[in-house]
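# Report on the structure
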Amino acid sequence: MEVDADIHEDFVVGCPDRPIQTSDSENSDDELSETFSLSDSISNWAINFGISLVALTALLCILRSCHPDLPKDARTLLKTKTKYSILERAGGQYHYFGILTSIRNVLSKYVHTLADGFSLKLQINIDGLPLFKSSSLQLWPILGLLLSVPMKEPVVIGLFCGPKKPSSAKEFLGDFVTELQQLEKGFDIEGKSLKLELDTVICDSPARSFVKNTKNHNGYHGCDKCRQPGKYINGRMTYPYTDYALRTDDSFENMVDESHHHDGPHPFHGSSVGMVSQFPLDYMHLVCLGVVRRLLSIWLRGPLNFRLPANIVDRMSAKLVEMRSYIPVEFARKPRSLRELDRWKATELRQFLLYTGPVVLSTFLDQNMYSNFMLLFSGIAILLKMFHLIEFLINKTVAVVPQKWCSDGVVYWPNYRNDERVNRAVKNSEDPGLTGKHMMSELLNHVMTTLRLVDS
Ligand SMILES: [Zn+2]
């Protein structure tokens, strides 16, 4: 079906097709490039601030008196494609922009820095998002980000729109996988032969099981990483064991654990994508929006034996709010009251887990609850490599130290007399100081080691 985009003006301003440039806009003529950079800046500005096409066209009219090279119409400036081929697919409407078409613009900026035969790494994200509160219409974009070049914003590779999620992952991802298979073999761009391989597929748990055509994360045989069947306890599915056989790309491909898969081949069948190794667990949903939010909501309104008294919650909130003026600009948000927990974003929950929580909670929680929180903090901090778990070669003792204390098998250990002072230096990631000792050590940041540490 062909749709005239002129009638969808609101959609067109943020048009995902925007990054595609025609070859004439790459002209290096000085005068043209000056105009190009102005029109480029204006179009970026219009997209970033959601300026309507009508307003942008009016602005262009004013600017054209000084810059006659600027186009008259916003759609020309935004290089809006006016015809899209929209297909009926997987129970909704679907348009495939294409991997190469979407990344061509970014790639052409950096292609001269890449060696012939270079293999680009592409990360993709798949998730559904509701369009309106009053209807079930939802968008399912396939977003892509090149990891091999400095690319800040992801591009849209495919876009599905329908009343519910795509009815078949295979249909939804068909075009993508076909193009991926071609690009894996190699392609030419501006005189260079390059290859492209899929690096990782980032999804939340429901989207991941949809894309992999496997059982849901909350069903039996739903664990992505190991083959334990799961145990149903107190109305929820749990995976309590840590010693079951791990899933591997091969065992997945050969469907060794049949109960893990839904019928039929997975959508990436035939490409070189590792269906276990290239689908990492997603820390934002699992830890920040998952465990941390759950923990906080249990403290606030859970069973009475774990619930914190209202006055403690208020004092903790006051402490968090007090910290606002000490939060550096590197953080996207400043702490706010626990009473607004339902509106906390993932980044605020992360800030609480890793930075403000360990400080605020020590005065308010009892020892057991604080230790429980600090085990989560330590485990995640190690996995995030904020801290290293090291073993001293001299006496085989183990310690957790800030990342910056370690370098090439050497730990810089501060010269403090008592352990308490050292602990404080570790906790606050202080510099070990010039008078510190240099000690040979080995990094033990293996995930299993971390799990055992947290377990014990
Ligand atoms: Zn598991």
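Residues numbered from 1 in each chain as written. Predicted model: local features only at pLDDT ≥ 70, side-chain atom pairs only at ≥ 80, totals over all residues.

Per an unreviewed UniProt entry, the protein goes by the name Transposase domain-containing protein and belongs to Cirrhinus molitorella.

Another aspect to go through is the pairing of strand β13 (residues 387–392). One face of the sheet, then the other: side chains in a regular strand alternate in exactly this way. Where β13 and strand β14 (residues 398–402) come together, five bridges link them in antiparallel fashion. The residue of β14 that forms the bridge with L389 is V400. In textbook terms, the turn of a hairpin is the stretch between consecutive antiparallel strands, and for β13 and β14 this stretch comprises five residues, one of which, K396, has a positive phi near 60°. Where β13 lies against strand β17 (residues 437–443), three bridges are found, and the strand directions are antiparallel. Paired with F392 across the bridge in β17 is S441. (Pairing = 2+ DSSP bridges. Helix = DSSP H or I, 4+ residues; strand = E, 2+ residues; numbered from the N terminus.)

In the sheet, strand β4 (residues 92–96) pairs with strand β8 (residues 155–162) via four bridges, with the strands oriented antiparallel. Opposite Y96, over in β8, you have G158 as the bridge partner. Both strand β7 (residues 138–146) and β8 contribute to a ladder of seven bridges, which runs antiparallel. For I142, the partnering residue across the bridge sits in β8 and is G158.

Before going further, it helps to spend a moment on the sheet that holds β14. Pairing is antiparallel in the open sheet, where five strands are placed in the order β14-β13-β17-β16-β15. Among the strands making up the open sheet, the edge pair consists of β14 and β15 (406–407). As defined by bridge partners, β15 adjoins strand β16 (residues 410–413) across two bridges and the pair is classed as antiparallel. By the bridge assignment, S407 is partnered in β16 with V410.

Glancing now at helix α11 (residues 346–364). Here α11 spans only 23 Å end to end across 19 residues, well under the 27 Å set by a 1.5 Å rise per residue. Most pronounced at T356, the bend in α11 amounts to some 70°, and the proline P358 follows within four residues. All of the buried residues in α11 are E348, L349, R350, Q351, F352, L353, T356, G357 and V360. Tucked into the core, α11 has its buried residues touching α9 (283–301), α10 (310–322) and α12 (367–383). (Expected span 1.5 Å × (residues − 1). Bend = angle between axes of the 7 residues up to and from the residue. Buried ≥ 20, exposed ≤ 12 C-beta atoms within 10 Å, placed from the backbone. Contact = placed C-beta atoms within 7 Å.)

Let us look at the UniProt feature "transmembrane region" (unreviewed entry) in the protein. UniProt records the feature "transmembrane region" (unreviewed entry) at residues 376–394, using the numbering of this structure. Annotation note: span residues 376–394, helix share 42%, strand share 32%, distance between end C-alpha atoms 29 Å. (UniProt positions renumbered as here; feature names shortened; annotations may be inferred.)

One way to put it is that α10 packs onto α11 with a least axis distance of 10 Å and a crossing angle of 145°. Along this stretch, α10 crosses α11, giving a crossing that reads as right-handed. Contacts between α10 and α11 involve I312, R315, M316, K319 and L320 from the first element and T356, V360 and F364 from the second. Taken together, the residues that form the contact of α10 with α11 break down as five nonpolar, one polar and two charged. (Axes fitted to C-alpha atoms, helices over the stretch in contact; angles between N-to-C directions. Left-handed = near helix turned anticlockwise from the far one by under 90°. Nonpolar A, V, L, I, M, F, W, Y, C, P; charged D, E, K, R; others polar.)

Next up on the list: the environment of V313. Along the chain, V313 turns up in helix α10. Sequence separation between V313 and W299 is 14 residues; the distance between their C-alpha atoms is 8.7 Å. Not counting chain neighbours up to four residues away, the residues in contact with V313 comprise L300, L308 and L338.

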